[in-house]
Amino acid sequence: MSTISSRRIHFKSGMVAALLLACSLVATNTCAADEELVTFYPAYGYREGDDWVITIRIWVHEPRAMIQGLTTKMTAAMTDLTPGELTNFRARIQCFVMDSESGEAIAFKFDHDPEGKIYRSPEDFPETDLNGLVEGAIVRLPVAKASVLLSRQDSRDGWLSYHATSKQHSGMGKVKLIDPTGLSVISDIDDTVKVTNIPAGTNAVVRNTFFRDFVAAPSMAVTYQTWKGAAFHYVSGSPWQLYAPLSEFLFSDKAGFPEGTFHMRQVSKNLLSGDTWESLKDLVFDENATTEQKLSQISEIMQRFPERTFILVGDSGERDPEVYREIRRRFPNQVQEI
């Protein structure tokens, strides 16, 4: 096994141990739950006939402030962290310690919709599963209706906003309607747009992921901004639980990266679900799992936009060269540059 592979497994083992601890703490927590939150991950829409087809990913969860505080105190007692690092850690473990809500029916509507149409489960998409998720559900939006919404929302870049309307839920989301032709960028995250420093070993990776202020990779945002009008898809082997802090940083004025959709690694937390143990095992031991995840997610995007050209941007930390070479083999006419 290579040195980098060994370091990656040790790092992932530490993440899994922390995740299991968080799951067990949440399972034994008997405090009253807070408001149920809905995370609508940024989605994209593609044309199919007279409709925009939107694939959505939704997570329903409850914050557990007591568990978050307890985990932070335990970490502070075992390490030499600065106040700033503790603040970062508290924010970045939020989605690891939140309680996922299964069997939830979600409803949402687009902002400034003159018809006030509500999309809801189970009529339009399923209720949440054991991990509080709705994944891969399809919502159809007529092209004429989308044009009205884009105008009423004063959207100049194809993004439409919407918000939860179901009882006791709060949350907002966005979807990017991407034209059939044009330029798209597939981008890795760790050590491509954000400094993680995987070759430096476990301690550096853990510090850069959970404790230190995020640092943008030099000059990359400037490069991305030169691709005017491009659609961006950030594809990463990091778990979905890190989506919130990563997106907040990347799209901030400090980092300056273009907004785009996220495609990350599913790491389930519900210990009663067989998928949880399988995903945890793959996270630690299966070096090919991230490769397969990226190949699947990127291939799906390219299949839905057969007339668009793509630029693929990555680094060697998680086999991006091998992944992108295979993508170019599968889609030779679509890959403009690696």
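Here, the structure is the one placed above.
Let me begin by describing the structure that accompanies this report. (Residues numbered from 1 in each chain as written. Predicted model: local features only at pLDDT ≥ 70, side-chain atom pairs only at ≥ 80, totals over all residues. Heavy atoms only, no water.)

### Considering helix H5 (residues 143-152)
So, step 1. Three or more residues of H5 are buried, namely Val143, Lys145, Ala146 and Leu149. For H5, the angular spread of the buried residues around the axis is 155°, confining them to a single face. Turned more than 90 degrees from where H5 packs its buried face, Ala144 and Ser151 sit exposed.
So, step 2. Tucked into the core, H5 has its buried residues touching strand S2 (43-48), strand S3 (51-62), strand S5 (107-110), strand S7 (133-142), strand S8 (159-164) and strand S10 (172-177).
So, step 3. The first or second residue beyond H5 is Asp154, which carries a positive phi of 55°. (Buried < 20%, exposed > 50% of the residue type's maximum accessible area, 1.4 Å probe, protein only. Helix = DSSP H or I, 4+ residues; strand = E, 2+ residues; numbered from the N terminus. Arc of directions from axis to C-beta. Contact = heavy atoms within 4.5 Å.)

### Details of unusual backbone geometry
Glycine aside, residues mostly have negative phi, and peptide bonds are mostly found in the trans state.
So, step 1. The peptide bond linking Ser121 to Pro122 adopts the cis configuration, its omega dihedral lying at 5°.
So, step 2. Relative to the helices and strands, Pro122 resides in the loop between strand S6 (119-120) and S7.
So, step 3. A positive phi is found at His112, a non-glycine position, where the angle reads about 60°.
So, step 4. Note that His112 resides in the loop between S5 and S6.

### Regarding the side chain of Asp113
So, step 1. The topology assignment puts Asp113 in the loop between S5 and S6.
So, step 2. Judged by its relative accessible area of 10%, Asp113 is buried.
So, step 3. Within the structure, the side chain of Asp113 is placed 3.1 Å from the backbone nitrogen of Lys117, a separation counted as a polar contact.
So, step 4. If we skip the residues at most four places from it in the chain, Asp113 touches Lys145 and Leu149. (Polar contact = N/O pair within 3.5 Å; in protein donor to acceptor, adjacent residues only side chain to side chain.)

### Thoughts on the nonpolar core
So, step 1. With 36 residues, the main nonpolar core has Phe210, Tyr224, Tyr234, Leu246, Phe257 and Phe262 as its most contacted residues.
So, step 2. Mapped onto this core, the elements with two or more residues apiece are helix H4 (94-97), strand S11 (182-187), helix H6 (202-211), helix H7 (220-226), strand S12 (231-239), helix H8 (243-250), strand S13 (261-265) and strand S14 (308-313).
So, step 3. Ranked by the residues each element gives to this core, the list is headed by H8, at four residues.
So, step 4. Residues Phe108, Val134, Ala137 and Ala146 belong to the second largest nonpolar core, which totals 25 residues. (Core = buried A, V, L, I, M, F, W, Y, C linked by side-chain atoms within 4.5 Å.)

### Points about the packing of aromatic side chains
So, step 1. Evaluated as defined, the whole model comprises 24 aromatic pairs.
So, step 2. Geometrically, the ring pair formed by Phe40 and Phe108 is edge-to-face, given 5.8 Å between the ring centres and 70° between the ring planes. Of this pair, Phe40 sits in strand S1 (residues 36-40) while Phe108 sits in strand S5, and the two are 68 residues apart along the sequence.
So, step 3. Phe108 gets classed as buried once you look at its relative accessible area, which sits at 2%.
So, step 4. An angle of 15° between the planes, with centres 6.4 Å apart, marks the rings of Phe232 and Tyr234 as stacked. (Phe/Tyr/Trp six-rings, centres within 6.5 Å; stacked < 30°, edge-to-face > 60°.)

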